[in-house]
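# Topology and contacts: notes
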Protein chains: 2
Amino acid sequence: MAKIAKKYLEVNPWIITEKGFHPERSRVSEAIFSLGNEYMGVRGYFDEGYGGDRLVGSYFNGIYSETDINHPIKFKGVPEIWHFMVSAVDWLYTRIELDGELLDLNQSKVSDFERTLDMKTGTLTRQFIWHTQSGKQLKITFTRFLSMTSVQVGFQRIVLEALNFSGPVQVTSALDFSPVHEEIHNRSYWTVEKTEHRGDFWFALGKTETVEQHLVSSFSLTADCEYVSKDIKDDKLFGTQLEISLEQGRMVTLDKRVCNHADKKRGSDGDSVWEAGVALAETFRELTFDAALAEHVEYWEKLWKRTDVVVEGDDADQQGIRFCIFQLHQTNHGQDPSSNVGAKGLTGEIYGGKTFWDTESYCLPFFIFNNPQAAKNMLMFRYNTLPQALRIAESRDCKGATYPMESLNGDDSCVVWWHGNLEIHINAAVIYGIEQYRRLCDDNDFFYDYGMEIILQVCRFYASRGNWRPDGFGFYGVMGPDEMHTFINNNCYTNTMAKKGFELALAEIEKMKAEMPEKLLKLTDKISLSSEELDEWRKIADKMIIPKDETTGLFEQHEGFFKLPHYDIDSISQEEIPIEHNWAQTRRYRYDMIKQPDVLLFLFLHSSEYSDAVKKINYEYYTPRCMHESSLSPSIHSILAAELGKHEEASAFYAYATRLDLDDYNRNTHQGLHMTSMAGAWLNVIYGFGGMRCDGDQLAFKPSMPKKWDSLSFRILYKGSTLCVKMDKKNITLSIDQDEPLAVEVFGKSIELTRQETSIPMPADRCA
Amino acid sequence: MAKIAKKYLEVNPWIITEKGFHPERSRVSEAIFSLGNEYMGVRGYFDEGYGGDRLVGSYFNGIYSETDINHPIKFKGVPEIWHFMVSAVDWLYTRIELDGELLDLNQSKVSDFERTLDMKTGTLTRQFIWHTQSGKQLKITFTRFLSMTSVQVGFQRIVLEALNFSGPVQVTSALDFSPVHEEIHNRSYWTVEKTEHRGDFWFALGKTETVEQHLVSSFSLTADCEYVSKDIKDDKLFGTQLEISLEQGRMVTLDKRVCNHADKKRGSDGDSVWEAGVALAETFRELTFDAALAEHVEYWEKLWKRTDVVVEGDDADQQGIRFCIFQLHQTNHGQDPSSNVGAKGLTGEIYGGKTFWDTESYCLPFFIFNNPQAAKNMLMFRYNTLPQALRIAESRDCKGATYPMESLNGDDSCVVWWHGNLEIHINAAVIYGIEQYRRLCDDNDFFYDYGMEIILQVCRFYASRGNWRPDGFGFYGVMGPDEMHTFINNNCYTNTMAKKGFELALAEIEKMKAEMPEKLLKLTDKISLSSEELDEWRKIADKMIIPKDETTGLFEQHEGFFKLPHYDIDSISQEEIPIEHNWAQTRRYRYDMIKQPDVLLFLFLHSSEYSDAVKKINYEYYTPRCMHESSLSPSIHSILAAELGKHEEASAFYAYATRLDLDDYNRNTHQGLHMTSMAGAWLNVIYGFGGMRCDGDQLAFKPSMPKKWDSLSFRILYKGSTLCVKMDKKNITLSIDQDEPLAVEVFGKSIELTRQETSIPMPADRCA
């Protein structure tokens, strides 16, 4: 747990600022200063090129390539194709030349460097003064944003100010398809099939290797000065070179409006994508930087108004949680149901842009409470990929549908098959998410039109994947969320969550029988569900084996866990951490230590069903055994600690949750942002200190205040209303923005909320 | 168990004959008609080339190449290099042309085809009459043998007889380095660096890719006729083309003497290998086919006299067991301690020529009783690769030495890391082998000079690999011989065998303290063995956890095995078998069925320590759960069944043991012969029906007679003496060939054997 911050950014509630360029943090900054709008994302790399260490990451949601996994031996049910989101066109491509010297912060002399991400407006600005070898001083300011309202559009503004000279400068602006995918062969996966300079527009059509998706990128330039230009082109680059005459003291502004049209269809037809891309660019012909920015800022203003979390008393925490919220919105704001939420969002290539089980278990709650459309889209991604989930189940000799542990397009793409094939708990998280979304967002249409089909096919999978023995039903040869134990039997988390899934399916079928028999008939016909299957499911739900010490209430993470040799995790040195990389592969599988919470997770997810006593004994048993080798781990511990009144532990586990990336605690932010951890940080604030629970009949709150905070306020969307929560060390105050009262629970008592604020005193034992 | 024979060979006690060419069995025949002499081996491919399906396999023990395994993700302790024995020079290369027609049994018309392997003399003969398109008839006879006395030397004789014409025939004879390794990229791994025709010799120097070992192959020709010749050469081939004038009715004989000098050294110096190869060839200048054959046949005669097993009453069984013995001798006859015994010997490329754990557990006993020098060499291979075993242990975060599950040169080369890293039981088999060899061959020098160092380093490994928990010591996250359960804890076989290893180490250290204190000091100094370690080992041996139902004596294969769901293996259809290939990869790991014996194996290996009652209850529990998906499986079941008087089961399990390859029961003989199964078949006869046990203080016999056999006789070497055993349904008769009497146990009673035959009546209940 002794992770150490690497601080270099200014602390400010709304702004992330890097003062002075930190080349040794070049990639970390690229990740932190990432911008995105779900449709596309760019790392905060330097527009003008950079000869130092950098990763030009420009990503489009769902645009990828694939490669053979080349397993030394092939096995049935083990995927053979690896998918990876490719770095696409660098549409910010710029080169600036003065007196024959090319601007490159790795070589050039610069002063007054400042890079600023304004989270309120979703804009990135970078400025510095370039001191050329010829003695000239040119102040340059780059600004970029990716429109949240017209998601195919991105803008770049370059402002040039000659401080001590007048004369020509060469600026090259282009579309560059040469950025590489470092992890897989360190090369570009694009072919540029066509380019054209037509009127004000430069167009380029790129095609991804193997998957053969097409992307039309285009740009137009506006400058408030005279220039001469000539087009430039090579096999992966197309654009223009301007010669601009600068006058001392006069600022010149060059705006680049980019329109990207990415077609996710496999093997799409280049000609028709080209035509659609050209037509789309035309529709934005009149859109100026300022007009687009105004719309963009307005969008963010509204979003912040609805979803801000305000922490008083600690600016670093305030900045941290806002950064998490900002990045989550950038990754998904509900614009396309075929988007997924990758583990690193659109901020890096590691994990291949793929979505994992934590999409539902960690990210979905954030969107449920902050952007229901985005939440719905995440579940539509699962529905849309149900055909693949059915195929995966079949490939593993099972019935029904099982979702892939790691996927970009719905296919299983997990190279570590002993995770991918065994972590069947992902399906239970999908069911949990569907049920949560339905209940919290009041969306029964989605539930019965799409959700139930997923739920039934997953139950069918579970019934075929599990086995009976005399004392009940269970799952054998699985892996729980705690990936430090593999090929285990009757994992508590998996069995509990699956049991809940069966119970939900059966209850909803009864409900449909009574309330919508025709819909039920259509559904059961569609998937050929028999009453024998339902009888079997009833038995399964009833007889699911959940290993547990009945006298103490201590769950056994899986059968045999209590008999594993004990390892004192405090004896593990810093050099050994993460043991996932520093220990021999098989060594970590043999002790009673865990990577991340497994029992604690279902105690949290189904919080209302477990007593404080049960939570306490399990928390106290598993916490000292937890290595937290997943960034998802501390938040769950913090939430449980807060609930149990272990305030110091709650704060300690929270310590870096919101600033994991800003302060690079894990030393791998350069690879991209930990998107699901950011969702975990939000959970940590809202469920931890906010003490919110949503698994019962009513929303419930049992807040607590960390010592260093003066107050915490947040808003969430709940069944169409906005719920405002404010708390300090004296009171918790709640209100809603609708006329109809809403019943919630605070400290175990039911309270009717109205537009009027209701205050409840904060008990002394809930403050650290 | 319902495996079905595919018979096409003649049944004869000493001869394997294929009458008429069976092209659809081309590769099966290549494997069955393999010849070898430990140093090298050749499949029974056609000397003259063949356009049909074939695998030109010409192998040299320890000559290999390597390739990156290309794991999608690298893990610590998981090997990254895959080694594979490469097909080397085809030194039998021959092409025959008549009237412009090239002989090729895939195209040409032939009659009277007969291929004959004479196991008594170790020679392969093939003859047929070629009917050319021009109407000519040429009778051709090929004979080959690989000298058992001059192992670098192989001979080929071609006899040509023009039946209805006189005229010229073209015969090409060469050294061809172009044979491919099919499994890895289907190409040759050789570069020919130098060729020379010097006097009577043609020489070629080849080098393997990556490993850069060198091989000098050379040949000379002798013909009893006139001919003209010209040399031929391409980048991988060197030789000569003869034009011979045939006369109707006169046989022409062409002898090719080949001398191969293979240097196993990695990155050997081509020039010096060349010189050594040239010099070696010179030493055989005067060796004729007939003289070499005479020596070779004499060698085999002596070998058979010492090691034959005679079965009366069933010629197919007789032929089968002789074939096993013949092939085992061909694979290893004690000529080089750096040779290993590959799973397929030198008869195919599958398994890469590598040695596995069954080398000690299955093959070693055969050599102990039939060729002690060969047995010693197998253990010297382990001693010589101890440095690698130490490195492997270190790479897995352990101390001491652990042997690789799959190895060609001592390095771990197992691509399925969840086998290679987890099957630590291999080390216990090495210890068991060392102890058996010492005791049965009376070789204390080897034991104390080499064996003990291995034993101590393995114990050290086990001590660091295992863990303590309150009730004792055990191994967690392992795999037993039964590979249908992985990442299991306290596998009975592994724990029992390791416990025995510790006990042996400790007892021998005490013995050395008393009898050879200086040697002990030198050894403990060499490996820095401390008394604290020995104290720890004592505790480990004492407190080793062996899961067992104390009331019934039923061992639990590993902790939790009894709680696994039951699978009725009789419900598995033929199409599903082998489930290793037909079931989804993770499916086979979740039931109470096993691949091969695991508990039964240690009950057999330490037979004297377990009562019949314990053997019976375990046999009856595990046998109906065993899939026998290893060819090593039925023999152990048969041995236990015979011991327990379950004669019908013993015969049923034995049914195909000796003819697994001759009748291609597993349908994969084309890949090469199942060398360790052949050793298993020998065990099945000697330990099963012979009822021999050698783990107690005395050799013990408790024979039984299968219904269809009239008698069984065998000879074994035991402590320098030859022990003759004959049995029929009336008596078992034993004698030795030395003056000093030898005490053995027969049916539980100690008996003194002498040169005089001793007969003991066979109890009625020991005959089926």
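If you're wondering where the values come from, they're calculated on a predicted model, not measured in any experiment.

### Considerations on the overall build of chain A
Of the regular secondary structure elements, chain A holds 19 helices and 34 strands. Here chain A has a C-alpha radius of gyration of 27 Å; the compact-globule value for 768 residues is 27 Å, and the two agree. C-alpha atoms of chain A, sized along the principal axes, occupy 85 × 60 × 55 Å. Within chain A, the proportion of its 768 residues that are buried is 67%. Taking contacts inside chain A between residues at least 6 apart in sequence as the whole, the part at least 24 apart equals 68%. The averaged location of the 113 negative side-chain charges in chain A is 2 Å from the averaged location of its 83 positive side-chain charges.

### Remarks on the relation of the copies chain A and chain B
Overlay of chain A on chain B (RMSD 0.1 Å): rotation 180°, translation along the axis 0.1 Å. Taken together, these values place the two copies in the relation of a two-fold axis.

### Side note on the interface of chain A and chain B
With 39 residues of chain A at the contact, the number on the chain B side is 39 residues. Counting each side, the surface lost to burial between chain A and chain B is near 3,400 Å², with a carbon and sulfur contribution of 64%. In this structure, the connection of chain A to chain B is made through 4 salt bridges. Close ionic contact of Asp-397 of chain A with Arg-587 of chain B constitutes a salt bridge, the shortest N to O distance being 2.8 Å. Partitioning the side of chain A that touches chain B into residue classes produces 19 nonpolar, 11 polar and 9 charged.

### Re the packing of helix α16 (residues 612-622) of chain A against helix α17 (residues 633-643) of chain A
Residues and elements named next belong to chain A. Running from N to C, α16 and α17 point in directions that differ by 135°, and their axes come no closer than 10 Å. Comparing their axes, α17 and α16 come out oblique. Both α16 and α17 take part in a crossing whose hand is left-handed. Contact residues: Asp-612, Lys-615 and Tyr-619 in α16; His-637, Leu-640, Ala-641 and Glu-643 in α17.

### Structural notes on helix α12 (residues 517-526) of chain A
All names here are of chain A. Among the residues of α12, those classed as buried are Leu-520, Leu-523 and Thr-524. Each buried residue of α12 lies within a common arc of 95° when the element is viewed along its axis, so the set occupies one face. Turned more than 90 degrees away from the buried face of α12, the exposed residues are Glu-518, Leu-521, Lys-522, Asp-525 and Lys-526. Residues of α12 that are buried in the fold lie against α10 (444-465) and α11 (492-515).

### As for the domain arrangement of chain A
Annotation of chain A at the domain level lists domain 1 (33-302), domain 2 (308-696) and domain 3 (715-766). The C-alpha-based centres of domain 1 of chain A and domain 3 of chain A are spaced at 46 Å.

### Some remarks on the sheet that holds strand β31 (residues 731-736) of chain A
All names here are of chain A. Taken in spatial order, the 5 strands line up as β20-β29-β30-β31-β34 in an open sheet, and their pairing is antiparallel. The outermost strands of the open sheet, each flanked by one partner alone, are β20 (309-312) and β34 (758-761). If you compare each strand with its neighbour and ignore which way they point, the axes differ by 15° on average. When β20 meets strand β29 (residues 711-718), the two strands line up antiparallel, connected through 4 bridges. If you follow Val-309 over to β29, its bridge partner there is Phe-714.

### As for the environment of Arg-469 of chain A
With respect to the helices, strands and loops of the structure, Arg-469 of chain A is situated in strand β21 (residues 467-469). Excluding its chain neighbours within four sequence positions, the residues that come into contact with Arg-469 of chain A are Tyr-476, Asn-490, Ile-545 and Glu-559 of chain A together with Lys-563 and Pro-565 of chain B. A polar contact is formed between the side chain of Arg-469 of chain A and the side chain of Asp-471 of chain A, at a distance of 2.6 Å.

So, how was this worked out
Residues numbered from 1 in each chain as written. Chains lettered and ligands numbered in written order. Predicted model: local features only at pLDDT ≥ 70, side-chain atom pairs only at ≥ 80, totals over all residues. Heavy atoms only, no water. Helix = DSSP H or I, 4+ residues; strand = E, 2+ residues; numbered from the N terminus. Rg over C-alpha atoms; globule rule 2.2 N^0.38 Å. Buried < 20%, exposed > 50% of the residue type's maximum accessible area, 1.4 Å probe, protein only. Contact = heavy atoms within 4.5 Å. Lys, Arg positive; Asp, Glu negative; His and termini not counted. Charge placed at Lys NZ, Arg CZ, Asp CG, Glu CD. Least-squares fit on C-alpha atoms with pLDDT ≥ 70 in both. Buried area = accessible area lost by both parts, 1.4 Å probe. Salt bridge = Lys/Arg side-chain N within 4 Å of Asp/Glu carboxyl O. Nonpolar A, V, L, I, M, F, W, Y, C, P; charged D, E, K, R; others polar. Axes fitted to C-alpha atoms, helices over the stretch in contact; angles between N-to-C directions. Parallel < 35°, antiparallel > 145°, perpendicular 65-115°, else oblique. Left-handed = near helix turned anticlockwise from the far one by under 90°. Arc of directions from axis to C-beta. Domains from an automatic or database assignment. Pairing = 2+ DSSP bridges. Polar contact = N/O pair within 3.5 Å; in protein donor to acceptor, adjacent residues only side chain to side chain.

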